[in-house]
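# Examination of the molecular architecture
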Amino acid sequence: LSRDNRNGSEVGLEGRRTFVLSGAAMIGAAAVATFAGPALAVLADPLMRRTSSSPDAFLPAGKPSLFSGDEPVKVDLFADKVDGWNRVEQVKVGSAWVMRHGGKLVALSTICPHLGCGVDYDPNAGKFLCPCHKSWFALDGSVESGPSPRGLDPLELKADDQLVAIRYRRYKTGVAEQEPA
Amino acid sequence: MRWVWAWIEERTGWAAAVRGVFDREYTGGAGIRHAFPAVLVYLFVQQALLGVTLSLFYSPSASDAWASTAYLTDQVTMGWFVRGLHYHGASAFVVVSGLYVLSLAASAAYRRPHELEWFAALAMVGLSLAFGLTGNPLPWDQQGFWSIQVELGIVESTPGGAAIRNVVQGGDEMGNLSVLRLFTIHAFVLPIVFGALLAFAIGQRRRHGVTPPLGLSEHEAARRTVRYAPSQLFVDVLAIAITSAALVAGTIATHGSELYAPADPVEAFQARPEWYFLALYKLRALFEGPLEPIATMVAPGAVAAFLITAPFIERAKGRAGRTLVVVGLGLVMTGVVGLTGWSIVADRGDEDYQKALAQAHSQAQRARELAFKGVHPQGGTAVFWNDPDFKVKLLFKEHCLGCHTVEGFGGDEAPELTDYSSRQWLRGLIRDPNQPRYFGNTKHDDMDAYPEDSVSDEQLTATVEYIVSLMGDPAMAVNPELASTGKTLWEDELECNSCHEVKPGESGDGPNLSGHGSKAWVARVIRDSSRADLFGEAAEMPTFADKLTDEEIDQLAAYVVSLREPSESK
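First, a word on scope: everything that follows refers to the structure included in this document. (Residues numbered from 1 in each chain as written. Chains lettered and ligands numbered in written order. Predicted model: local features only at pLDDT ≥ 70, side-chain atom pairs only at ≥ 80, totals over all residues. Heavy atoms only, no water.)

### Some words on the overall build of chain B
Summing up its helical and strand segments, chain B has 21 helices and four strands in all. Compactness check: chain B gives a C-alpha radius of gyration of 35 Å against a globular reference of 25 Å for 570 residues, more than 25% above the reference. In terms of overall dimensions, chain B has C-alpha extents of about 110 × 60 × 45 Å along its principal axes. A buried classification covers 47% of the 570 residues belonging to chain B. As displayed, chain B has an accessible area near 28100 Å², and 61% of this comes from carbon and sulfur atoms. For chain B, the distance from the average site of its 45 positive side-chain charges to the average site of its 65 negative ones is 19 Å. (Helix = DSSP H or I, 4+ residues; strand = E, 2+ residues; numbered from the N terminus. Rg over C-alpha atoms; globule rule 2.2 N^0.38 Å. Buried < 20%, exposed > 50% of the residue type's maximum accessible area, 1.4 Å probe, protein only. Areas by Shrake-Rupley, 256 points an atom, 1.4 Å probe, with all protein chains shown as cover. Lys, Arg positive; Asp, Glu negative; His and termini not counted. Charge placed at Lys NZ, Arg CZ, Asp CG, Glu CD.)

Given below as structure tokens:
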């Protein structure tokens, strides 16, 4: 493009500019896509895979004698856990309220189904209370009042003479139906 | 839609600004020589975005860095590619900023009033190297750890360098603080400085214009003048596309960036710096001992001083000045290229280095496979705890090493287990069982020594072959003829059978040798070596039958057997 041309024909210049610009924009976008695309894939990786896991096994909660009283007992459950790149041995993966119900031992998750706070036991009321948004739960886990969309989640429990064991699971919060998290 | 643009334009004035950029004049015409700042902008954006992406998975601590990098590289979707592209992008930074300096030098674009752009370009070369220096150790693998170790050692040897090292390293020793500091420099400090310099250089070009090629008359330069868009813009985009394509191709061809085994401060490693430091590396190798500062300080310092003062050298010397600068630059380039090439060729031909490299690669692969199970939070090298062998070695250390020696470590109260029950081991035993290496420090002292005057070398070889044949280990190929000669010697001449039975179950004064040295035999010894058909009542070795599980005993036995180098029969 000569100087004369530049001065003489602005229309020609504009035309060439538009043509080259759209080509350049396409090539440039393709170049940027070579790194932006893979970067997005890395960003979205947790959508495609599990990034942490605990074994889906019964975890020891304690001797049966521990749960002989009338009040619910809170037990911490320990297991090996994979968290991203780490494998940690015997860390707390969760807790459960264990109590007798009609002569049978049952376990409830301590996670409030509303927004995931830890549920406390109020010995005066004989009920469970979520301290965050005041959801009250009966001893069988059903909601009595407050914003929780469902009752406390029951956990599978296995007991023999020696040991009480619980299969710990997490469920989605904020929904009425129990769904695995 | 149009009114939205108009609304924005009225407030920002961006369209006018872009038009201003497009209308800028390129005296002397467009060309690849003017494209390097644009490519640097592209690379800067690429590296910044990839760096942020990497930091989604990277944990900058000595205990987490390796494991998180392994996770990113081997498990995260496209993680290897993002890391590889970032790694090769760093090389491209060095190349393109170097080319930028050369392009300025070619048209003498360091002359008044372009000095500051020249300085900024030089500083960008230095910063590209600093990016590499601080980025390569971040995975905290063997390569990265030992490289930064050496580099900080060089820093320390300069005047005032000890303090710099301490600050960069975060103390006297490499550790969590070192990784975090290197990361902070790499991810925050350098990008900000580099970005500012790049913007400054581009601003200088805008203010003073680009320099036309030398030897172009003023009239000719004016005649060839173009506007940025479309002419130079087209070249810029083309250069970016070529860079990008080369990086993608390089990343795929090299499967991203290597990740070596986790940093282990007690395991030496033949570290080589990145290619852009090989010239300095080779130079340092040339000046060993007291002359080392020539390579680490004097030569690089002189080159830097020459490049920085080039504009003034030329002005002071007039026409000869240009020649001086060109010749000086030529010498520097020849030196850098020559030393780099020499270093690469020398390593290619260095068998020891190639062997160490192959070993490093296989160890890296092993570590990365083990990392899939998750790495213990104690640190990168904890990945080897996932190795089943590791558990066995730990068991061995706990229960056996107090009395038995393996490869120079351990007690001498019981027989050494290095190369246990190999032909060589058996020969030594028969020649003199009472050496401390064998049964010298035990209560087993009934067996006679068989020195050369009682058993010839050939006879010994045959006897050993017979014992090996009793082992029944397929890894130990037996020469049947030799073994049968040995059997005759065993029974008739040496009368070994007066103490050692060879039929399973029978007991004599010495251990029954059927299956001797096999995994099953070793396991029986570990269970209870005082059985009548083994070492009998004189055995001092503890009984492990009730201390260890069957599985552990089997693993230990397999480990002891694995200490034996399978050798050919002579």
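Still more to cover.
### Looking at the overall build of chain A
The helix and strand tally for chain A stands at three helices and 11 strands. Counting helices and strands in the order they occur from the N terminus, chain A gives α-α-α-β-β-β-β-β-β-β-β-β-β-β. Radius of gyration (C-alpha) of chain A: 30 Å, far over the 16 Å computed for a compact globule of 181 residues. Based on the C-alpha atoms only, the size of chain A along its principal axes is roughly 100 × 35 × 20 Å. Across chain A, every contact between residues at least 6 apart in sequence was considered, and the portion connecting residues at least 24 apart equals 47%. For chain A, the accessible area works out to roughly 9900 Å², and carbon and sulfur atoms hold 56% of it. Each charge sign in chain A was given a centre, from 21 positive and 21 negative side chains, and these centres are 6 Å apart. (Contact = heavy atoms within 4.5 Å.)

### Focus: the state of the cysteines
Each disulfide consists of a covalent bond between the sulfur atoms of two cysteine residues. Residues and elements named next belong to chain A. Tallying each qualifying case throughout the model produces one disulfide over all chains. Note that Cys117 is cross-linked by a disulfide to Cys132, the S-S spacing being 2.0 Å. Its S-S torsion of approximately -100° makes the covalent link between Cys117 and Cys132 left-handed. Of this pair, Cys117 sits in the loop between β5 (104-109) and β6 (120-122) while Cys132 sits in the loop between β7 (127-130) and β8 (135-137), placing them 15 residues apart in sequence. (Disulfide = S-S within 2.5 Å.)

### Here we look at the interface of chain B and chain A
Chain B puts 46 residues into the contact, and the matching count from chain A is 36 residues. Counting each side, the surface lost to burial between chain B and chain A is near 3400 Å², with a carbon and sulfur contribution of 65%. Summed over the three residues of chain B that lose the most area to chain A, namely Tyr71, Arg227 and Pro230 of chain B, the buried surface amounts to 17% of that side. There are two salt bridges connecting chain B and chain A. The tally of links from chain B across to chain A stands at 16 residue pairs in polar contact (both at pLDDT 80 or more). (Buried area = accessible area lost by both parts, 1.4 Å probe. Salt bridge = Lys/Arg side-chain N within 4 Å of Asp/Glu carboxyl O. Polar contact = N/O pair within 3.5 Å; in protein donor to acceptor, adjacent residues only side chain to side chain.)

### Re the nonpolar core
Residues and elements named next belong to chain B. Of all hydrophobic cores here, the largest spans 65 residues; its most connected members are Trp66 and Trp118. In terms of residue count, the dominant contributor to this core is helix α5 (residues 79-106) (10 residues). Setting aside residues up to four positions removed in sequence, Trp118 forms contacts with Val101, Leu104, Ala105, Tyr110, Leu307, Ile308, Ala310 and Pro311. Core analysis: the second largest hydrophobic core is formed by 47 residues, Val392, Cys400, Tyr420 and Phe439 among them. (Core = buried A, V, L, I, M, F, W, Y, C linked by side-chain atoms within 4.5 Å.)

### Some details on the sheet that holds strand β9 (residues 143-145) of chain A
All names here are of chain A. Here we have four strands laid out as an open sheet, ordered β6-β7-β8-β9, and antiparallel in their pairing. The sheet terminates laterally at β6 and β9, the two strands that pair on one side only. Looking at each pair of strands side by side, their axes are set apart by 40° on average, direction ignored. The pairing of β7 with β8 spans three bridges and is antiparallel. (Pairing = 2+ DSSP bridges. Axes fitted to C-alpha atoms, helices over the stretch in contact; angles between N-to-C directions.)

### Quick notes on unusual backbone geometry
Residue and element names in this part refer to chain B. The peptide bond linking Arg112 to Pro113 adopts the cis configuration, its omega dihedral lying at 5°. Relative to the helices and strands, Pro113 is located in the loop between α5 and α6 (115-135). Even without being a glycine, Trp140 presents a positive backbone phi close to 55°. In this structure, Trp140 sits in the loop between α6 and α7 (142-156). Looking at Trp140, the relative accessible area reads 7%, which means it is buried. For Asp419, which is not glycine, the phi dihedral falls at a positive 60°. Examined against the element boundaries, Asp419 turns out to sit in the loop between β4 (409-410) and α17 (423-431).

### Some words on α7 of chain B
All names here are of chain B. For α7, which comprises 15 residues, the first-to-last C-alpha distance of 21 Å matches the rise-based estimate of 21 Å (1.5 Å per residue) to within 8%. Burial in α7 covers these residues: Gln142, Gln143, Gly144, Phe145, Trp146, Ser147, Ile148, Glu151 and Leu152. Buried residues along α7 sit against α6, α8 (161-169) and α9 (176-208). (Expected span 1.5 Å × (residues − 1).)

### Thoughts on the sheet that holds strand β2 (residues 58-62) of chain A
Residues and elements named next belong to chain A. A sheet is described by the order of its strands in space; here seven strands give the open sequence β1-β3-β4-β5-β10-β11-β2, paired in antiparallel fashion. Two strands close off the open sheet at either side, each with one partner strand: β1 (52-53) and β2. Judged from the four bridges that link them, strand β10 (residues 154-159) and strand β11 (residues 164-167) form a sheet pairing that is antiparallel. When the sheet's bridge partners are listed, Leu157 is paired in β11 with Ile166.

### Observations regarding the side chain of Ser422 of chain B
All names here are of chain B. With respect to the element layout, Ser422 can be found in the loop between β4 and α17. Of the polar contacts made by the side chain of Ser422, one reaches the backbone oxygen of Asp419; its length is 3.0 Å. Beyond its immediate sequence surroundings of up to four residues, Ser422 is in contact with Met476, Arg564 and Glu565.

### Remarks on the pairing of strand β3 (residues 73-83) of chain A
Residue and element names in this part refer to chain A. Where β1 lies against β3, two bridges are found, and the strand directions are antiparallel. Of the residues in β3, the one forming a bridge with Ser53 is Val82. Bridging between β3 and strand β4 (residues 86-101) involves 10 bridges; their strand directions are antiparallel. Each bridged residue has a counterpart across the sheet, and for Val82 the counterpart in β4 is Arg87. Between β3 and β4, which pair antiparallel in sequence order, lie two residues; one of them, Gly84, sits at a positive phi of approximately 60°.

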